[in-house]
Amino acid sequence: MRVVHFFSRVESGFPIGEKIAYFIRSSRTTSNFPIVNPMDSISYYIQVIEKAIAQIGLNPDTAKVEENQWTLKKGSVQIWVELYTFQNRVYFQVVAPIMEVPATKTGELAIELLKLNNELFGVAYVIYNDRVYLKSVREAEGLDISEAFSTLLRVGNYADKYDDMLKEKYPDTKPGNLQFVSLNLN
């Protein structure tokens, strides 16, 4: 049995005139919304990501680091792709390591990264463990091949566009050993 209850926002302390619909479901209808084990859905999203990698023209088996991690390359930049679970949700993350944080001009770099973030769509520069990364992360729920493909291209294109400029402008960095690093919330 479904009950739709309308009440004015006055009753809940909000301005008059706006109505909100609340759907109250009996315990008999909650079985229509089963709790999904994230490990069941992660296998679906592995297929989505591998199809997106193939759409780029790369072999997903060759790019695979682990069951749920891949490494790609765009120009001089590595692109790390990962699915991970956090609090019973599956997340899709694409990360490009850009450079180490320089020993000098750290504040200038941070401000420049913030300004660049304002120009970017769907990605952001982050600093983690004294290294600059370009990162995109979202819940995997609803992710399709087209969006995965676009995210891979977006991170790769932005990273390749800005990495050399940042390294040239902030040269006081040492080349680091780039190994896949998970920047997830765990």
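Our subject in this report is the structure included herewith. Keep in mind that this is a model prediction, so the values were computed, not measured.

Here we take up the pattern of salt bridges. Within this structure, the stated rule accounts for six salt bridges. Between E50 and K64 there is a salt bridge, and its shortest N-O distance comes to 2.6 Å. Here E50 is found in helix α1 (residues 38-56), whereas its partner K64 is found in strand β3 (residues 64-66), with 14 residues between them in sequence. Take E50: its relative accessible area is 17%, and that puts it in the buried class.

By the secondary structure assignment, E82 is in strand β5 (residues 77-86). The buried charged residue E82 lacks any salt bridge partner; its closest oppositely charged side chain belongs to K135, at an N-O distance of 8.4 Å. In terms of polar contacts, E82 uses its side chain to reach the side chain of Q69, at 3.1 Å.

Time to look at the sheet that holds strand β6 (residues 89-100). Reading across the sheet, the six strands line up as β3-β4-β5-β6-β8-β7 and stay open at both edges, with antiparallel pairing between neighbours. Lying at the two open borders of the sheet, with one neighbouring strand each, are β3 and β7 (124-128). Strand-to-strand twist in this sheet, taken as the mean axis angle between neighbours without regard to direction, amounts to 35 degrees. Relative to β5, strand β4 (residues 69-74) is paired through six bridges, and the arrangement is antiparallel. Each residue of the ladder has a partner; that of L72, found in β5, is I79. Contacting β6, β7 and β8 (131-139), helix α3 (residues 106-119) runs over the sheet at an angle of about 150 degrees to β7. Most of the contacts of helix α4 (residues 145-169) go to β6, to which it runs at about 20 degrees, and overall it touches β4, β5, β6, β7 and β8.

Quick notes on the rules
Residues numbered from 1 in each chain as written. Predicted model: local features only at pLDDT ≥ 70, side-chain atom pairs only at ≥ 80, totals over all residues. Heavy atoms only, no water. Salt bridge = Lys/Arg side-chain N within 4 Å of Asp/Glu carboxyl O. Helix = DSSP H or I, 4+ residues; strand = E, 2+ residues; numbered from the N terminus. Buried < 20%, exposed > 50% of the residue type's maximum accessible area, 1.4 Å probe, protein only. Lys, Arg positive; Asp, Glu negative; His and termini not counted. Polar contact = N/O pair within 3.5 Å; in protein donor to acceptor, adjacent residues only side chain to side chain. Pairing = 2+ DSSP bridges. Axes fitted to C-alpha atoms, helices over the stretch in contact; angles between N-to-C directions. Contact = heavy atoms within 4.5 Å.

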